[in-house]
Amino acid sequence: MKKKSSKTAGPVMDIGISADDRADIAAGLSRLLADSVTLYLMTHNFHWNVKGPMFNTLHVMFMEQYTEQWNALDIIAERIRALGHPAPGTFKAFAGLASIDEPEGVPTATEMIQLLVSAQEATARTARGLFPLVDKANDQPTADLLTQRLEVHEKTAWMLRSLLEE
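I will try to describe carefully the structure that is included in this document. (Residues numbered from 1 in each chain as written. Predicted model: local features only at pLDDT ≥ 70, side-chain atom pairs only at ≥ 80, totals over all residues. Heavy atoms only, no water.)

This next bit is on the overall build of the chain. The helix and strand inventory of the chain stands at 6 helices and 0 strands. Scanning the chain from its N terminus toward the C terminus, one meets helices and strands in the order α-α-α-α-α-α. Going through the 166 residues of the chain one by one, you find that 42% of them count as buried. Taking as baseline every contact in the chain between residues at least 6 positions apart, the subset at least 24 positions apart corresponds to 77%. When the accessible area of the chain is evaluated, it comes to approximately 9,700 Å², of which 55% is carbon and sulfur surface. Positive and negative charge centroids in the chain, built from 16 and 21 side chains respectively, lie 11 Å apart. (Helix = DSSP H or I, 4+ residues; strand = E, 2+ residues; numbered from the N terminus. Buried < 20%, exposed > 50% of the residue type's maximum accessible area, 1.4 Å probe, protein only. Contact = heavy atoms within 4.5 Å. Areas by Shrake-Rupley, 256 points an atom, 1.4 Å probe, with all protein chains shown as cover. Lys, Arg positive; Asp, Glu negative; His and termini not counted. Charge placed at Lys NZ, Arg CZ, Asp CG, Glu CD.)

Attention now moves to the environment of Ala72. Tracing the backbone through its elements, the reader meets Ala72 in helix H2 (residues 55-82). Under the relative-accessibility criterion, Ala72 is labelled buried at 4%. The spatial distance from the C-alpha of Ala72 to the C-alpha of His153 is 11 Å, given a sequence separation of 81 residues.

Running from N to C, helix H1 (residues 19-49) and helix H6 (residues 140-164) cross one another at 25 degrees; their axes reach a closest spacing of 13 Å. Considering their axes alone, H1 and H6 lie roughly parallel with respect to each other. You can see that H1 and H6 cross each other, and the crossing is left-handed. Within the contact between the two elements, H1 uses Ile25, Leu29, Leu32 and Leu39 and H6 uses Thr142, Leu145, Leu146 and His153. Residue classes in the contact of H1 with H6 are distributed as 6 nonpolar, 2 polar and no charged. (Axes fitted to C-alpha atoms, helices over the stretch in contact; angles between N-to-C directions. Parallel < 35°, antiparallel > 145°, perpendicular 65-115°, else oblique. Left-handed = near helix turned anticlockwise from the far one by under 90°. Nonpolar A, V, L, I, M, F, W, Y, C, P; charged D, E, K, R; others polar.)

Another point: the side chain of Asp35. Mapping Asp35 onto the fold places it in helix H1. Buried and without a salt bridge, Asp35 has Arg125 as its closest oppositely charged side chain, separated by 7.5 Å. Here Thr126 takes part through its side chain, which lies 2.5 Å from a polar atom of the side chain of Asp35. Residue contacts for Asp35: discarding those within four places in its chain leaves Ala98, Ser99, Ile100, Ala122, Thr123 and Thr126. (Salt bridge = Lys/Arg side-chain N within 4 Å of Asp/Glu carboxyl O. Polar contact = N/O pair within 3.5 Å; in protein donor to acceptor, adjacent residues only side chain to side chain.)

What follows concerns the nonpolar core. Core analysis: the biggest nonpolar cluster contains 25 residues, and Ile25, Leu29, Leu32, Leu33, Ile76 and Leu146 have the highest contact counts within it. Among the secondary structure elements, those contributing two or more residues to this core are H1, H2, helix H4 (109-129), helix H5 (131-137) and H6. A total of 7 residues in this core trace back to one element, the largest contributor, which is H1. Among residues more than four places away in sequence, those in contact with Leu146 are Leu29, Leu32, Ala127, Leu130, Phe131 and Val134. Counting 16 residues, the second-largest nonpolar core is a separate cluster that includes Phe46, Val50, Phe62 and Ile100. (Core = buried A, V, L, I, M, F, W, Y, C linked by side-chain atoms within 4.5 Å.)

Let us look at the packing of aromatic side chains. A ring pair, where both rings are aromatic, is described by two values, the distance of the centres and the angle of the planes. This structure, assessed with the given rule, holds 3 aromatic pairs. Each ring, one from Tyr40 and one from Tyr66, has its centre 6.1 Å from the other, and the planes form 80 degrees; the classification is edge-to-face. Of this pair, Tyr40 sits in helix H1 while Tyr66 is found in helix H2, placing the two residues 26 residues apart along the sequence. For Tyr40, a relative accessible area of 13% corresponds to the buried category. Ring geometry for Tyr40 and Trp70: centres 5.3 Å apart, planes at 45 degrees, overall tilted. Taken together, the residues Tyr40 in helix H1 and Trp70 in helix H2 connect sequence positions 30 residues apart. (Phe/Tyr/Trp six-rings, centres within 6.5 Å; stacked < 30°, edge-to-face > 60°.)

In structure tokens, the structure reads:
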């Protein structure tokens, strides 16, 4: 068992990833969490407010998407914690970290789809941007999480884009 480095510091973490790399990965995962929360809220909002000829299709699709997104939030936050850092958990923190701008008002159904495509792609870019650091740190659990999130966001973006095609 490792000794405490000081009376207030707690036990020293040694999982084979340096403290600096853990901090950088946790910061990147915090940005991913912020994008994911923003995407979740946007999708849930659109589920509540969609109308028009595609109502039923989009209402059901958005519910499936926000349910999947909700479940992913805990996985991302818990990985941040496993790396020894606090996960962001406030609207203020998420707003400062997210790369996604939330729309104002209630967009049309087609605009909702376009906005969700952009938000899914932005979230995928945030996840993908972490890979060089995660690879360098030899952090397979985070790499696995990122791969899973990329698969979901890229597939969802494709499905939403398909709705915009003639």
